[in-house]
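Residue-level structure breakdown
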Amino acid sequence: MIAERIKSLHQQLDPLGVTLVAVSKFHPVEALMQAYDAGQRIFGESRVQELIAKIPLLPKDIQWHFIGHLQTNKIRQIIGHTSLIESVDSLRLLNLIDAESSRAGVITRILLQAHIAQEETKTGFSPDELLEYFDTKSYNSLKSTHICGLMGMATNTDDSIRINQDFAQLRRLFGDIRTSQGDELRGFDILSMGMSGDYVDALNHGTTSVRIGTTIFGSRQYKNE
Ligand SMILES: *Cc1c(COP(=O)(O)O)cnc(C)c1O
């Protein structure tokens, strides 16, 4: 089942040039191996402990994306172990990642998490904060961090008009930043939006990377929490 879902998602996404991040949080390594054997190489995890436990148990050519809220006291544990941290949600976190990366002698690739959804609980940068960050060219002060784009979530709702507005806004923000920075901002080309319930809408709005868990692995058992 997992293998079939991986294959059919790739059939849908690969021709569009859209990256599939298989969100494997709360799923056992056997499930990840089924996806791996079907050709999947990019996996998303949202908890540091779980990510660090899984890495040594799985093949070395997996690219790990961290997609959860990263507590600053856990940065050091994952620096050097991720191919992309998608969920950088504050300047403080960004600057600490940069410092830790310098210390470890690695370049860390990250996305800035944009807060668009109409929910108090979702974290991230507001559109205004992001525009100001780029207008003031603050990224020039980063020594060991490469900002590769934006990650965002639509409002958690059944209202497809709302979801489409959120994705349109994220796409516009991403485009505005790219246009305003031109050649100065190199490699800012990932727009990560779309999950199991809404990735088709995200495709219509020009996402470049979707984060899909439930559709691939089934529902999560949170019994360890
Ligand atoms: C869990 C999670 C996903 C995957 O959600 P599904 O609905 O299972 O596809 C995507 N993005 C983030 C940030 C997540 O935490």
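Below: a short report on this structure. (Residues numbered from 1 in each chain as written. Predicted model: local features only at pLDDT ≥ 70, side-chain atom pairs only at ≥ 80, totals over all residues. Heavy atoms only, no water.)

1. As for the overall build of the protein chain
Under the convention used in this document: The helix count covers DSSP runs of H or I at least four residues long, the strand count covers runs of E at least two residues long, and both are numbered beginning at the N terminus. Between the two quantities, the radius of gyration covers C-alpha atoms and the globule rule is 2.2 Å times the number of residues to the power 0.38. Exposure categories follow from relative accessible area, calculated using a 1.4 Å probe and restricted to protein chains: below 20% of the type maximum is buried, above 50% is exposed, and the middle band is partly exposed. In what follows, residue pairs with any heavy atoms lying within 4.5 Å of each other are defined as contacts. Note that accessible areas follow from Shrake-Rupley with a 1.4 Å probe, and for residues the cover is restricted to the protein chains shown.
Of the regular secondary structure elements, the protein chain holds nine helices and eight strands. Taking 2.2 N^0.38 as the reference for a compact globule, 225 residues should give roughly 17 Å; the C-alpha atoms of the protein chain span a radius of gyration of 17 Å, in line with that estimate. Expressed as lengths along the three principal axes of its C-alpha atoms, the size of the protein chain is roughly 50 × 45 × 35 Å. Here the protein chain holds 225 residues, and the buried ones make up 48% of them. Here the contacts in the protein chain between residues at least 6 apart in sequence split such that 59% fall between residues at least 24 apart. Approximately 11000 Å² of the protein chain is accessible, and the part contributed by carbon and sulfur atoms is 49%.

2. Details of the packing of aromatic side chains
The description of an aromatic ring pair rests on the distance of the ring centres and on the angle between the ring planes. To keep it simple, the criterion reads: In summary, the pairing rule links any two rings of Phe, Tyr or Trp, Trp by its six-membered ring, whose centres are within 6.5 Å, and it sorts them by plane angle into stacked for under 30 degrees, edge-to-face for over 60 and tilted for everything else.
With the rule as written, the count across this model stands at five aromatic pairs. Here Phe 43 and Trp 64 contribute two aromatic rings whose centre-to-centre distance is 6.0 Å and whose plane-to-plane angle is 40 degrees, an arrangement assigned as tilted. Taken as a pair, Phe 43 in strand β2 (residues 42–45) and Trp 64 in strand β3 (residues 63–66) lie far apart in primary sequence, 21 residues in all. Of the two residues, Phe 43 and Trp 64, both sit in the buried class. Here Tyr 133 and Phe 134 contribute two aromatic rings whose centre-to-centre distance is 5.4 Å and whose plane-to-plane angle is 90 degrees, an arrangement assigned as edge-to-face.

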